[in-house]
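# Remarks on the overall topology
Chain by chain, the residues run as shown.
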Amino acid sequence: MSIIVQDLSKVFGKQKAVDQISFQVRPGEILGFLGPNGAGKSTTMKMATGYLSPTSGNVEICGFDVMENSLEVRKHIGYLPEHNPLYLDLYVHEYLRFIGSLHGLRSIGLKSRVAEMIHLCGLTREQNKKIGALSKGYRQRIGLAQALIHDPPVLILDEPTTGLDPNQITEIRQLIKNVCQRKAVVFSTHIMQEVQALCHRVLIINQGKIVTDSTLKELQNNGQVQASGFEIELEFARTVNEQIFLTLKEIKDIIPLSGNKYLLKTIKNKQDERLTELRHLLFSLAAKHDLPLIGLRLVNSKSDPQSLEEIFRKLTVTNS
Amino acid sequence: MIYILKKELNSFLNSLIAYVVIGVFLTGIGLLMWVFPETSVLNYGYADMSTLFSLGPYVLMFLIPAITMRSFSEEKKSGTMELLLTRPVTDSQIILGKYLADFLIVIFSLVPTLIYYYSIYQLGSPTGNIDTAGVIGSYIGLILLGATFTAIGIWASSLNENQIIAFIIAVFLCFIFYEGFSALAAMDIWGKSAYLIEQFGISYHYQAMSRGLIDSRNLIYFFSVISFMLMLTQLVLGSRKW
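Numbers given to residues run from 1 along each chain, matching the order in which its sequence is written. Working convention: letters from A go to chains and numbers from 1 go to ligands, in the order in which they are written. At least 70 in pLDDT is required for a residue's local features to be given in this predicted model, at least 80 for side-chain atom pairs to be given and counted, and no such filter applies to totals for whole chains, interfaces and linings, which use all residues.

### Section: the overall build of chain A
Convention followed: Helix and strand assignments follow DSSP, with helices taken as H or I runs no shorter than four residues and strands as E runs no shorter than two, numbered in order from the N terminus. For the radius of gyration, the atom set is restricted to C-alpha positions; the globular benchmark scales as 2.2 Å times the number of residues to the power 0.38. Think of it as a crowd count around each C-beta: if 20 or more other C-beta atoms lie within 10 Å the residue is buried, if 12 or fewer it is exposed, and in between it is partly exposed, with C-beta placed from the backbone throughout. Residues are treated as contacting if the C-beta atoms built from their backbones sit within 7 Å of each other.
Helix and strand counts for chain A stand at ten helices and 14 strands. Relative to the compact-globule value of 20 Å for 320 residues, chain A shows a C-alpha radius of gyration of 25 Å, a clear excess of over 25%. In terms of overall dimensions, chain A has a C-alpha envelope of 80 × 45 × 35 Å along the principal axes. In chain A, which comprises 320 residues, the share counted as buried stands at 39%. The contacts in chain A between residues at least 6 apart in sequence include a share of 68% that link residues at least 24 apart.

Here it is as structure tokens:
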């Protein structure tokens, strides 16, 4: 096990920021660390890196205790803190050399490693600029580059994709996927698509407590994932009385859209095979009332990322 | 430690701070030494550098906090402190690296004043009529005073993420250490302990060294204040884990 967290708690004044959480991460595993704002994600990560000390419990990284063997732990961790702090007045290569040398890289090894990270993170064109002059996406890459520079077996990334545009998010995700194949990665975010795209396992915490620790598949299969129904777009040749469709028990709601189109929302827990059945029902109902139905299109289905978002909401909203 | 020192110097050289501080120091001291009639060596009639050594501490009192105020405050504000403290370096390496970098900038700003010594040496009548031993002692005193101010500034900077607060605290403490104790000792209420109180101040030891006498007691005083301030800094940095 690369990361072992045991009964970890942190109390700030009277508030329990992290409350008795335990989890483990294997090498080669990417753990998505989810939770609403203020759930204790960053605090947990700060304790895992040894920046904060836990009120109780302990963290072990590659066999070293974080409190007793702090320096050894820091050698084995690549850490990207929240908000990605950087020295804006340094040049990109200068900054990476600095971080590399703090990790004990020297002369040729340092040089080649910096060049490698610049290449790997797509910073070649920007390497001679001051960090302060770079856009957020590039800064984020520098943040990742510094976390990876000493090739650590454990990677802790605190919201590495916040504030990036969709292209950059995809690039950063790809980057993480590429470099982290043999590493244990803990990755915090509140973007659900990210978890689906990257993580093997999901850990959701709320108010300092773990509410879910399972693989992505388990999470989607345990029924909760189908919480949302289908959305079907119907198109008619002319304006019709859409209320007719509400007589079907599967239909929850229908919303008129522009140009004789209507959005149908079905009730929850639709199985795949029921979709054809529903199609059939809709067509026969249209025929019965002599409605000119000319188009039927599925807008979203249960594999939509929204469903994971709903799980997240379900697990974290209830007891707040 | 050496890498943190290097990075700090890089930061200074990449930004304007170092140039401004050194430039302002040299211009100010130069004006006082050579131009302003009240303090000018040329009007003084004696070939000595007492202007530099008596006014220098007051200039440094403002300039050194300006150098040191950013060292920890800025890191705290921008969050890079967390970056630094999660690398495999100890707190004391970070503090020493930053301290020595700031101290080097102070040294850089003092080195050009050696030209003053040369000028006065040449202007003296007869040439070379200057108390060289006194000047050397004074320089060592000024450097140690700079080192002490730097340590005070570093500590003030570690307290808070606001650079202006760090600056004001540092200036105030430098002033208290330099002038405060001897002023306090001059009050008429202490009796015999006045002498002891005066010895807590920097100016007592600084003036002793200006006479050209390098006494181990003065050296010990400077080094203990420096290490005390740096240890306090370490305490402040360590307090995140309390």
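### Side note on the sheet that holds strand E1 (residues 3–12) of chain A
Residue and element names in this part refer to chain A. Worth spelling out the cut-off: For two strands to count as paired, DSSP must find a minimum of two bridges between them. Each axis is a line fitted through C-alpha atoms, taken for helices only over the stretch in contact, and angles between the N-to-C directions span 0 to 180 degrees.
Spatially, the four strands line up as an open sheet ordered E2-E1-E4-E5, and their pairing is antiparallel. Bordering the open sheet on either side are strand E2 (15–25) and strand E5 (64–65), each of which pairs with just one other strand. Relative to strand E4 (residues 56–61), E1 is paired through five bridges, and the arrangement is antiparallel. By the bridge assignment, isoleucine 4 is partnered in E4 with glutamate 60. Relative to E1, helix H1 (residues 41–48) is tilted by about 120°, and along the sheet it contacts E1, E2 and E4.

### Let's talk about the interface of chain B and chain A
In many reports, interface size means the accessible area that the parts give up when they come together. Operational definition: Under this grouping Gly is polar, as are all residues other than the nonpolar Ala, Val, Leu, Ile, Met, Phe, Trp, Tyr, Cys and Pro and the charged Asp, Glu, Lys and Arg.
Between chain B and chain A, the residue contacts involve 19 residues of the former and 22 residues of the latter. Those elements that place two or more of their residues in the side of chain B that touches chain A are helix H1 (2–14) and helix H5 (80–85) of chain B. With five residues, the top contributor of residues to the side of chain B that touches chain A is H1(B). Split into classes, the residues belonging to the side of chain B that touches chain A amount to five nonpolar, nine polar and five charged.

### Let's talk about the pairing of strand E3 (residues 30–34) of chain A
Residue and element names in this part refer to chain A. Within E3, five of the five residues are buried, which leaves it mostly tucked inside the rest of the structure. Alternating residues of E3 divide into Ile30, Gly32 and Leu34 and Leu31 and Phe33, and every residue in both groups is buried. Across five bridges, E3 lies against strand E8 (residues 184–189) in parallel orientation. Looking across to E8, one finds that phenylalanine 33 is bridged to serine 188. Of the pairings in the sheet, the one linking E3 to strand E9 (residues 201–206) comprises four bridges and is parallel in character. Bridging across to E9, phenylalanine 33 finds its partner in leucine 203.

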